[in-house]
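Listed below are the residues making up each chain.
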Amino acid sequence: MSFLRHHELPFEYYEHPPLATCQDADKLNLERSGARLKNLFLRDNYGRRHFLLITSPEKKVDLKALSRQLSISRIGFASAERLHKYLGIQPGCVSLLALFNDQESAVEFWIDRDIWQADAYQCHPLVNTATVVLGKEDVLKFLQLTGHDYQLVDVPQVCEPAV
């Protein structure tokens, strides 16, 4: 929070009970501005590359299709140990604001092209007991200040079987 204030990045701040998943947030029915996000911390098959993917909570991401689309060997979920090592946070606290802890820019940041249309975004401020809402321009400034680029990605979804 002090980083955002120091760099004059305006934000809205909301406190709430711990929210580890999008489903937890759904149960509380919280009213906040900005787009809700699903944050996935991923790695390649070899554990050499790490990715933070931001998408909408409704999407069921097809990781196999994403791997093929981006020509990356078997993208999968990274462990809690890797999450702590690279982003300095615990599971349930994943957010684009965690890139603040990635001083070496070891994590590649991907944003779902669909979610990038929003004007503002809801983010955990490294803990899951609060939400910060940042405007898109302020997210861009944050990324620049932390030395992170972003890549827009067309996130494939798991096809639901016909019933």
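Computed from a predicted structure; not experimentally measured. (Residues numbered from 1 in each chain as written. Predicted model: local features only at pLDDT ≥ 70, side-chain atom pairs only at ≥ 80, totals over all residues. Heavy atoms only, no water.)

Peer 1: Run through the pattern of salt bridges, naming residues and quoting values.
Peer 2: Summed over all chains, the structure comprises 5 salt bridges. Residue Arg113 is joined to Asp154 by a salt bridge in which the shortest nitrogen-to-oxygen separation is 2.9 Å. Of the two residues, Arg113 is situated in the loop between strand S5 (107–112) and strand S6 (120–123) and Asp154 in the segment after strand S8 (150–153); the sequence distance between them amounts to 41 residues. What makes Arg113 partly exposed here is its relative accessible area of 35%. As a salt-bridge pair, Lys141 and Asp138 come within 3.9 Å of each other at their nearest N and O atoms. Placement of the pair is Lys141 and Asp138 together in helix H5 (residues 136–146), with a separation of 3 residues, close to one helical turn. Connected via shared salt-bridge partners are Lys59, Asp112 and Asp114. (Salt bridge = Lys/Arg side-chain N within 4 Å of Asp/Glu carboxyl O. Helix = DSSP H or I, 4+ residues; strand = E, 2+ residues; numbered from the N terminus. Buried < 20%, exposed > 50% of the residue type's maximum accessible area, 1.4 Å probe, protein only.)

Peer 1: Which residues make up the packing of aromatic side chains, and what are the values?
Peer 2: A full pass over the atoms with the stated rule returns 5 aromatic pairs. Pairing Phe3 with Phe142 gives two aromatic rings, centres 5.8 Å apart and planes at 90 degrees, and the pair type is edge-to-face. On the criterion of sequence distance, the pair formed by Phe3 in helix H1 (residues 2–6) and Phe142 in helix H5 is long-range, its members being 139 residues apart. The same class applies to Phe3 as to Phe142, namely buried. Members of the aromatic cluster, each reached through a chain of ring pairs, are Phe3, Phe100 and Phe142. In this structure, Lys136 is placed above the aromatic ring of Trp116, and the distance from its NZ or CZ to the ring centre is 4.7 Å. (Phe/Tyr/Trp six-rings, centres within 6.5 Å; stacked < 30°, edge-to-face > 60°. Lys NZ or Arg CZ within 6 Å of the ring centre and 35° of its normal.)

Peer 1: Residues and numbers for H5, please.
Peer 2: Taken residue by residue, H5 has Lys136, Asp138, Val139, Phe142, Leu143 and Thr146 as its buried positions. The buried residues of H5 all sit within an arc of 160 degrees when viewed along its axis, so they share a single face. Along H5, exposed side chains directed more than 90 degrees from the buried face belong to Glu137 and Gln144. As for H5, its buried residues are in contact with H1, S5, S6, strand S7 (130–135) and S8. Following H5 by one or two positions, Gly147 adopts a phi angle in the positive range, close to 80 degrees. (Arc of directions from axis to C-beta. Contact = heavy atoms within 4.5 Å.)

Peer 1: Could you give an account of the sheet that holds strand S2 (residues 38–43), naming the residues involved and the relevant values?
Peer 2: Taken in spatial order, the 5 strands line up as S4-S2-S3-S5-S8 in an open sheet, and their pairing is mixed. Each edge of the sheet is formed by a strand with only one pairing partner; in this case those strands are strand S4 (76–77) and S8. Inspection of the sheet shows S2 paired to strand S3 (residues 50–55) by 6 bridges, in the antiparallel sense. When the sheet's bridge partners are listed, Asn39 is paired in S3 with Ile54. (Pairing = 2+ DSSP bridges.)

By themselves, these observations are geometric and do not establish any function.
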